[in-house]
Protein chains: 2
Amino acid sequence: MISKKMEGMVANSSAIRAMFEEGTRMAKLYGAENVYDFSLGNPNVAAPEAVKTAILELVNEEDSLALHGYTNSNAGYEDVRQNVADSLNARFDTAFSAKNITMTVGAAGGLNVILKTLLNPGEEVIVFAPYFGEYRSYVDNYDGVLVEISPNTVDFQPKLDEFEQKITAKTKAVIVNTPNNPTGVVYSEETIKKMASIMEEKQKEFGTDIFLISDEPYRELAYDGIEVPYLTKYYANTIVGYSYSKSLSLPGERIGYLVIPDEVSDSEMVISAANVANRILGFVNAPTLQQKVIAKCLNEKTDISYYDRNREMLFNGLTECGFECIKPQGAFYLFVKSPIEDEKAFCAAAKKYHILIVPGSSFGCPGYVRIAYCVAYETIVNSLPKFRELMAEYQK
Amino acid sequence: MISKKMEGMVANSSAIRAMFEEGTRMAKLYGAENVYDFSLGNPNVAAPEAVKTAILELVNEEDSLALHGYTNSNAGYEDVRQNVADSLNARFDTAFSAKNITMTVGAAGGLNVILKTLLNPGEEVIVFAPYFGEYRSYVDNYDGVLVEISPNTVDFQPKLDEFEQKITAKTKAVIVNTPNNPTGVVYSEETIKKMASIMEEKQKEFGTDIFLISDEPYRELAYDGIEVPYLTKYYANTIVGYSYSKSLSLPGERIGYLVIPDEVSDSEMVISAANVANRILGFVNAPTLQQKVIAKCLNEKTDISYYDRNREMLFNGLTECGFECIKPQGAFYLFVKSPIEDEKAFCAAAKKYHILIVPGSSFGCPGYVRIAYCVAYETIVNSLPKFRELMAEYQK
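The paragraphs below set out a description of the structure included in this document. Quick caveat, the model's predicted, so the values are computed rather than measured.

## Side note on the sheet that holds strand β12 (residues 368-372) of chain A
Each strand in a sheet pairs with another by means of backbone hydrogen bonds, the pair being arranged parallel or else antiparallel.
All names here are of chain A.
Move 1: Pairing is antiparallel in the open sheet, where 3 strands are placed in the order β9-β12-β11. Strands with a single pairing partner mark the edges of an open sheet, and in this sheet they are β9 (333-337) and β11 (358-359).
Move 2: Sheet analysis places β9 next to β12, joined by 5 bridges and oriented antiparallel. Counterpart to V336 in the pairing with β12 is V369.
Move 3: Packed onto the sheet, helix α11 (residues 304-321) meets β9 and β12 and runs at close to 10 degrees relative to β9.

Listed below in structure tokens is the structure:
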């Protein structure tokens, strides 16, 4: 009945849906406080008070038609886009203007828009394992081919040798995600420079354009003052996908943007096409009230100290139990080595202790598990004795 | 640089973009009050006051994480979906529950979700000319083939003989849009019954499922008490795409829903797949605040008397000038016969009088033009002498 492609997608999705249902079932059975659900990247720090203030002001003061109507351009309100550009320019010493910004339905919407814009069937998109599993679907939506670079489990920085070898004449884009989901790793400036130099060489070798797509929902979630390089400054064909889902705790509101700099090859055409893609994919425009909200909150940040405290507690607690894990520099995930090769079996064992975690296979990196620490601090504290019991099973 | 498909799309889109720009240019040059821009279907009746009240209540009273977080299901909040189902059941004597409702990013998002769910490459989707031009792009997004039924310019009801002939073993879906953009026609119950009977016969003949997709952004905009049949009651394989863009004047907020009734073949699978499609196309979920807003405004309606007054004034005014047009029963468009065969030339001539209207070719129906009357009443009053002068050019 449904399309053949979707049959496969539905089958693959059932594992995650099953986890949802399991969490709900367990919470009912044992009480929510006795279930340690680390499965989801749903922020648990409230949106900044400024978001509420902005919504109230806008609704009380703005004309309904201007606030809730279609935007003149599918790229969004001109003034909002200029404000976003100005804010980026001030922070990163870039030179964007409104035309370089396309407001999108979150980063997921933005990635779909830019992949629709760029990909011909059969063209390749490179990702570095472990990677956000949805990239596979996004690329498949436009009949692209996902090419994986195998994980470097020493420090989870990208394997640049393998990257260089796997770029072909068909490579249209490379997606990077730093700070990374699921590892929390931030790519160093050195890494970015090497990556850029490889891509420039390959562009020359093949006479092609290879676009670097930087998926940045976790940009503002970086700890210990670590700097997250702004990629458009290192490589001309860079397109940024940003989201306010984590930085302002607005994941349900679906608000983000694409940056398509003037330095991108044929940038005017790419910008025009992204505008059309935004429309014909059915987004039409990013939700208008939220466009105006984020324009009023460009200097706001989520309470990163909350996540940082969770990070310290969970990282220290788990390593004390004997788990192996690199300390994340950003985002709100720990990517932990499974004590047994079959990490799905390990996730199943964890459920006995009411601990819900996601197998690394979902991120192209079996043998590991992702633990999302965007949860209550108490959940972490209370889960640690359970993690200890769980680990003890494998230390006998 | 960009994909081959998008190259064509960008070229085709430039006509509408040019009209936008022309309107802005003319407004600057001649003053907005001297430009009669009938090009866009952007509501000009403010959202009901209840929308504002709902937003203020929600933001003041609800927990930020619950209000702005991801929804547990990509289909949206369970309680909102149940409320929508209850409201439909009360109005149309249907028997939907939350599981039959998938909240979407407007009707455009909903149509993309259901087409992604259903279409295999090469499968056919039938539309009745004149039709909303975006359908062509939506179907093409999933490599479907759009099959047009030629327009019946007598009364703009669908040509059912041609419809019957053009259904093949490859027909996967039929899109209807009633009240119709661009004609304002409402399909009668008799028409719907005949259409359903043809589709049932053809399903049997080919041993296939043929889905009737009812695109209903204009459902609430029906005049003179005319009834708009609820299609799920006439044909089992019916899927409804609804939007609050026009009914609550919220087009920029991107909020609507799909109804996938239990009567649809393999409905559980179709519902699951639509859920997955909502996620992987990058919508993820319909904007959360607006989901809760519409749940509080299910009994609200836009001020249809405003559009009705415009309809009467424009229809009477234009027919008095000698234009030929059927009186629309719904929506906010007049579909007027061009006094010359080449309606694009006619639209160009109209521009000399600062009148902006859309060629029927954009709707698969050359020789006609669409005039959107969701404008200020004064715009219509002031435009009529200009329309008279314009028409006089062809009456010499």
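From this point, the narrative continues.
## Regarding the relation of the copies chain B and chain A
Move 1: Each copy of the sequence occupies a distinct position, and chain B is placed on chain A by a rotation of 180 degrees and an axial shift of 0.0 Å, giving an RMSD of 0.0 Å. Overall, the copies show the geometry of a two-fold rotation axis. Residue L56(B) of chain B places its C-alpha closer to the rotation axis than any other residue of that unit, at 3.2 Å.

## Digging into the side chain of R311(B)
All names here are of chain B.
Move 1: One can find R311 in helix α11 (residues 304-321).
Move 2: Residue class for R311 comes out buried when judged on its relative accessible area of 1%.
Move 3: Not counting residues within four places of it along the chain, the set of residues in contact with R311 comprises Y223, D224, K327, P328, Q329 and Y373.

## Considering the packing of aromatic side chains
Residues and elements named next belong to chain B.
Move 1: In this structure the tally under the stated criterion is 45 aromatic pairs over all chains.
Move 2: Measuring from ring centre to ring centre gives 5.8 Å for F38 and F387, while their planes differ by 45 degrees; the resulting arrangement is tilted. Of this pair, F38 sits in the loop between β1 (36-37) and α2 (49-61) while F387 is found in helix α13 (residues 377-395), placing the two residues 349 residues apart along the sequence.
Move 3: Judged by its relative accessible area of 1%, F387 falls in the buried class.
Move 4: Here the aromatic rings of F335 and Y368 are separated by 5.3 Å at their centres, their planes lie at 10 degrees, and the arrangement is stacked. Within this pair, whereas F335 is found in strand β9 (residues 333-337), its partner Y368 is found in strand β12 (residues 368-372), the two being separated by 33 residues in sequence.
Move 5: For F335, a relative accessible area of 1% translates into the label buried.

## Comments concerning the pattern of salt bridges
Move 1: According to the stated counting rule, one finds 40 salt bridges over all chains in the structure shown.
Move 2: Of the charged contacts, one joins E57(A) and K296(A) as a salt bridge, the two residues approaching to 2.8 Å between their closest N and O atoms. Here E57(A), found in helix α2 (residues 49-61), pairs with K296(A), found in helix α10 (residues 288-296); they are 239 residues apart in sequence, far enough to count as distant.
Move 3: One salt bridge in this structure joins E216(B) and R219(B), with 2.5 Å as the shortest N-O distance. Neither E216(B) nor R219(B) differs from the other in exposure class; each is buried.
Move 4: Three or more residues are tied together by salt bridges with common partners; here these are D224(A), D308(A), R311(A), E312(A) and K327(A).

What counts, and at which threshold
Residues numbered from 1 in each chain as written. Chains lettered and ligands numbered in written order. Predicted model: local features only at pLDDT ≥ 70, side-chain atom pairs only at ≥ 80, totals over all residues. Heavy atoms only, no water. Pairing = 2+ DSSP bridges. Helix = DSSP H or I, 4+ residues; strand = E, 2+ residues; numbered from the N terminus. Contact = heavy atoms within 4.5 Å. Axes fitted to C-alpha atoms, helices over the stretch in contact; angles between N-to-C directions. Least-squares fit on C-alpha atoms with pLDDT ≥ 70 in both. Buried < 20%, exposed > 50% of the residue type's maximum accessible area, 1.4 Å probe, protein only. Phe/Tyr/Trp six-rings, centres within 6.5 Å; stacked < 30°, edge-to-face > 60°. Salt bridge = Lys/Arg side-chain N within 4 Å of Asp/Glu carboxyl O.

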